[in-house]
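# Structural overview
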Amino acid sequence: MPSGRVLAICNQKGGVGKTTTAVNLAAALVERGRRVLLVDVDPQSNASSGLGLTLGPSDPSIYDVIVLGQPINDILQRPPHMDGLDVAPATLSLAGAELELADLARREYRLRYALEGLHGYDYILLDSPPSLALLTINCLVAAHAMLIPLQCEYYALEGLSLLTHTHHLVRQELNPSLTIAGIVMTLFDSRTLLSAQVVTEVRQRFPAEVFSTLIPRTVRLSEAPSHGLPVTLYDPDGKGAQAYRALAAELLARDALVAA
């Protein structure tokens, strides 16, 4: 394992704020003086483009690392205006990685091996694809813990049950030390009763795992990626930026307790 804490940000459902959380939590941790590596393991490469990185299919990316075995240091990029944050970007080449990985030895460990020996980072955040296939399994095997974004919607608990089952299987077969760093409730709309009901139900079922911070549904959070910026730079005083700063503070406090 690398020296920094590795968090796999994952949920097999799409549209839950997974990449939004990866990008903005990384930026908020950097604001608090942490050195962060964000690894984009999603073929949609939204974390890369959301931080202002534009790559073509032939540009070096995390595909070259996971599938071809290239050293991860060779592909790292620094987003504009973001000292303290490095990105291992993704491209569309990653879309075929699942098929190519199927025939490789130790296929579930490719990302873990790539991260071994990395030094100088306090946190390594893995933005996984919206599935439970080989790329996500690689993230879970490489990680110390899972960070689970969960949208404040009706079917949230169904997806969470499947994800916690996957966590159990990965611990049993591939990564016995994998823990759950926390569940972060996203897309919270204070105007609806449903959002409050979902939060209450999830907290009742997972009282120790759910973060106190609620990530609101805001226009500024949705707009920020189109400008290639995290919301902490795009709208630094807005509700979204404040929420991700609070989440970063809460995560650091939890990790401090674990380390104590």
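Above this text sits the structure in question.
Report follows, based on the coordinates. Note that residues are indexed from 1 along each chain, following the sequence as it is written. pLDDT decides what is reported in this predicted model: residues at 70 or higher carry local features, side-chain atom pairs at 80 or more are listed and counted, and totals for whole chains, interfaces and linings draw on all residues regardless. Computation of side-chain values: all heavy atoms of the structure, hydrogens and water removed.

Before going further, it helps to spend a moment on the overall build of the protein. Tallying secondary structure elements over the protein gives 11 helices and seven strands in all. Every radius of gyration here is taken over C-alpha atoms, with the globule rule written as 2.2 Å times N^0.38, N being the number of residues. Radius of gyration (C-alpha) of the protein: 17 Å, near the 18 Å computed for a compact globule of 260 residues. Each principal axis of the C-alpha atoms in the protein carries an extent, and together these give about 50 × 40 × 35 Å. Two residues qualify as a contact provided that any one of their heavy atoms is within 4.5 Å of a heavy atom in the partner residue. Relative to all contacts within the protein whose residues are 6 or more apart in sequence, the contacts with residues 24 or more apart total 79%. Carbon and sulfur atoms make up 52% of the accessible area of the protein, which amounts to about 11,100 Å² in all. Here the protein contributes 20 positive and 26 negative side-chain charges, whose respective centroids are spaced 6 Å apart. Under the scheme used here, helices are H or I runs from DSSP no shorter than 4 residues and strands are E runs no shorter than 2 residues, and both carry numbers assigned from the N terminus. Accessible surface area values rest on a Shrake-Rupley calculation with a 1.4 Å probe, where residue burial reflects the displayed protein chains alone. Lys and Arg are tallied as positive, Asp and Glu as negative. Neither His nor the chain termini are counted. By convention, charge coordinates are those of NZ in Lys, CZ in Arg, CG in Asp, or CD in Glu.

Now for helix H8 (residues 193–205). The length a helix should cover is 1.5 Å for every residue beyond the first. Taking 1.5 Å per residue, 13 residues should reach 18 Å; H8 reaches 19 Å between its end C-alpha atoms and fits that length. Summarising the contacts, the buried residues of H8 are in contact with strand E5 (145–151), helix H7 (156–173), strand E6 (179–188) and strand E7 (210–216).

Over its 14 residues, helix H1 (residues 18–31) runs 20 Å from end to end, which matches the ideal 20 Å to within 8%, given 1.5 Å per residue. When a residue's accessible area, from a 1.4 Å probe over protein chains only, is under 20% of the maximum for its type it is buried; when over 50% it is exposed; and in between it is partly exposed. Burial within H1 is extensive, with 12 of its 14 residues counted as buried. Downstream of H1 by one or two residues, Gly33 has phi in the positive range, about 85°.

Turning next to the sheet that holds E6. Only when DSSP finds a minimum of two bridges between them are two strands counted as paired. What the seven strands build is an open sheet, ordered E3-E2-E4-E1-E5-E6-E7; its pairing is parallel. Looking at which strands have only one partner, the edges of the open sheet turn out to be strand E3 (85–88) and E7. When strand polarity is set aside, the average angle formed by the axes of neighbouring strands in this sheet is 25°. As defined by bridge partners, strand E2 (residues 36–40) adjoins E3 across four bridges and the pair is classed as parallel. Looking at the pairing, Leu37 lines up with Asp86 of E3. Each axis is a line fitted through C-alpha atoms, taken for helices only over the stretch in contact, and angles between the N-to-C directions span 0 to 180 degrees. Contacts from H1 reach strand E1 (5–9), E2, E3, strand E4 (123–127), E5 and E6, with the element oriented near 165° to E4. Running over the sheet, helix H6 (residues 134–142) touches E1, E4 and E5 and is turned about 150° from E1.

It is worth spelling out the packing of H1 against helix H11 (residues 239–259) at this point. Between H1 and H11, the shortest axis-to-axis distance is 8 Å and the interhelical angle comes to 70°. Of the possible angle classes, the one that applies to H1 and H11 is roughly perpendicular. In this structure, H1 contributes Thr20, Thr21, Asn24, Leu25, Ala28, Leu29 and Glu31 to the contact, and H11 contributes Tyr244, Arg245, Leu247, Ala248, Leu251 and Leu252. Counted by class, the contact of H1 with H11 contains eight nonpolar, three polar and two charged residues. The cut-offs work like this: below 35 degrees is roughly parallel, past 145 is roughly antiparallel, 65 to 115 is roughly perpendicular, and the gaps in between are oblique. By the convention adopted, Pro, Cys, Tyr, Trp, Phe, Met, Ile, Leu, Val and Ala count as nonpolar, Lys, Arg, Asp and Glu as charged, and the other residues, Gly among them, as polar.

Take Leu132: it is sitting in the loop between E4 and H6. You can call Leu132 partly exposed: its relative accessible area is 27%. Leaving out residues up to four positions away in the same chain, Leu132 has contacts with Gln12, Ile137, Leu162, Leu163 and Thr166.

The next subject is the packing of H7 against H8. Between H7 and H8, whose axes approach to 11 Å, the crossing angle comes to 30°. As summarised for this structure, H7 and H8 are arranged roughly parallel, according to the angle between their axes. Every pair of crossing elements has a handedness; the one defined by H7 and H8 is right-handed. Contact residues: Ala156, Leu157, Leu160 and Ser161 in H7; Val198, Glu201, Val202 and Arg205 in H8. By residue class, the composition of the contact of H7 with H8 is five nonpolar, one polar and two charged. Each crossing is labelled by how the near helix is turned from the far one, with a counterclockwise turn of less than a right angle marking it left-handed and a clockwise turn marking it right-handed.

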